[in-house]
Amino acid sequence: MSAEQKVVPTSASQNLLNDKWDVVLSNTLIKTGLGFGGGVLASILFFKRRAFPVWLGVGFGLGRGYSEGDAIFRSTHGLRNVKA
């Protein structure tokens, strides 16, 4: 028995869309994590360990990730390339 694998060719637009989704999801995850960390830090230092700064930070992170993702998907230029 030989197992044959079917190779499905992908188009350039599909690769670009996959790359955009990767950037949007990773960006949203990072922004949400930073908002969570900032909320925890603010909660500990300024608000006597209440929960609202944490949720506020998570909300800001999700909102920022959503808005940047929307801008990436609406852009006709594709993804930017950063060379370090």
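Residue numbers restart at each chain and count upward from 1, following the sequence in its written direction. It should be noted that, the model being predicted, local features are given only for residues of pLDDT at least 70 and side-chain atom pairs only at 80 or more, the latter also being counted only at that level, while totals for whole chains, interfaces and linings use all residues. Each side-chain value is worked out from all heavy atoms of the structure, with water and hydrogens disregarded.

Applicable threshold: UniProt positions are given in the numbering used here, feature names are shortened, and annotations may be inferred rather than shown by experiment.
Identification of the chain as MICOS complex subunit MIC10 from Suhomyces tanzawaensis NRRL Y-17324 is taken from an unreviewed UniProt entry. Its UniProt record gives the chain the following Function (unreviewed entry) comment, quoted word for word: "Component of the MICOS complex, a large protein complex of the mitochondrial inner membrane that plays crucial roles in the maintenance of crista junctions, inner membrane architecture, and formation of contact sites to the outer membrane." Quoted verbatim from the Subunit (unreviewed entry) field of the UniProt record, the comment on the chain reads "Component of the mitochondrial contact site and cristae organizing system (MICOS) complex."

A short note on the overall build of the chain
Condition: A helix here means a DSSP run of H or I that spans at least four residues, while a strand means a run of E at least two residues long, and both kinds are numbered starting from the N terminus. Only protein chains enter the accessibility calculation, which uses a 1.4 Å probe. A residue is then buried if its area is under 20% of the maximum for its type, exposed if over 50%, and partly exposed in between. In this description, contact between two residues means that some pair of their heavy atoms is separated by no more than 4.5 Å. Note on areas: Shrake-Rupley with a 1.4 Å probe; residue coverage comes only from the protein chains shown.
The number of helices and strands found in the chain is two helices and zero strands. Counting the 84 residues in the chain, one finds 21% classified as buried. For the chain, the proportion of contacts with a sequence separation of at least 24, taken over those separated by at least 6, is 62%. Taken as a whole, the chain presents about 7,300 Å² of accessible surface, with 63% of it coming from carbon and sulfur.

What to know about the pattern of salt bridges
Formally: When a carboxyl oxygen of Asp or Glu is within 4 Å of a side-chain nitrogen of Lys or Arg, the pair counts as a salt bridge.
Per the stated rule, a full pass over the model turns up three salt bridges. For the salt bridge of Glu-68 with Lys-31, the shortest nitrogen-to-oxygen distance reads 4.0 Å. Note that Glu-68 is positioned in helix H2 (residues 52–74) and Lys-31 in helix H1 (residues 12–46), a separation of 37 residues in sequence. A residue is classified by how much of its surface remains accessible, and Lys-31, at 26% relative accessible area, is partly exposed. Residue Arg-74 pairs with Asp-70 through a salt bridge whose shortest N-O separation is 3.0 Å. Of this pair, Arg-74 and Asp-70 both sit in helix H2, four residues apart, which is roughly one turn of that helix. By relative accessible area, which is 65% here, Arg-74 ends up exposed.

Regarding H2
Condition: How far a helix is expected to stretch is found by multiplying one less than its residue total by 1.5 Å.
Counted at 1.5 Å a residue, the expected span for H2 with its 23 residues is 33 Å, and the 33 Å between its end C-alpha atoms agrees. Residues of H2 that are buried make contact with H1.

A closer look at the side chain of Thr-32
Relative to the elements of secondary structure, Thr-32 occurs in helix H1. With residues up to four places along the chain from it excluded, the contact list for Thr-32 reads Val-58, Gly-61 and Leu-62.

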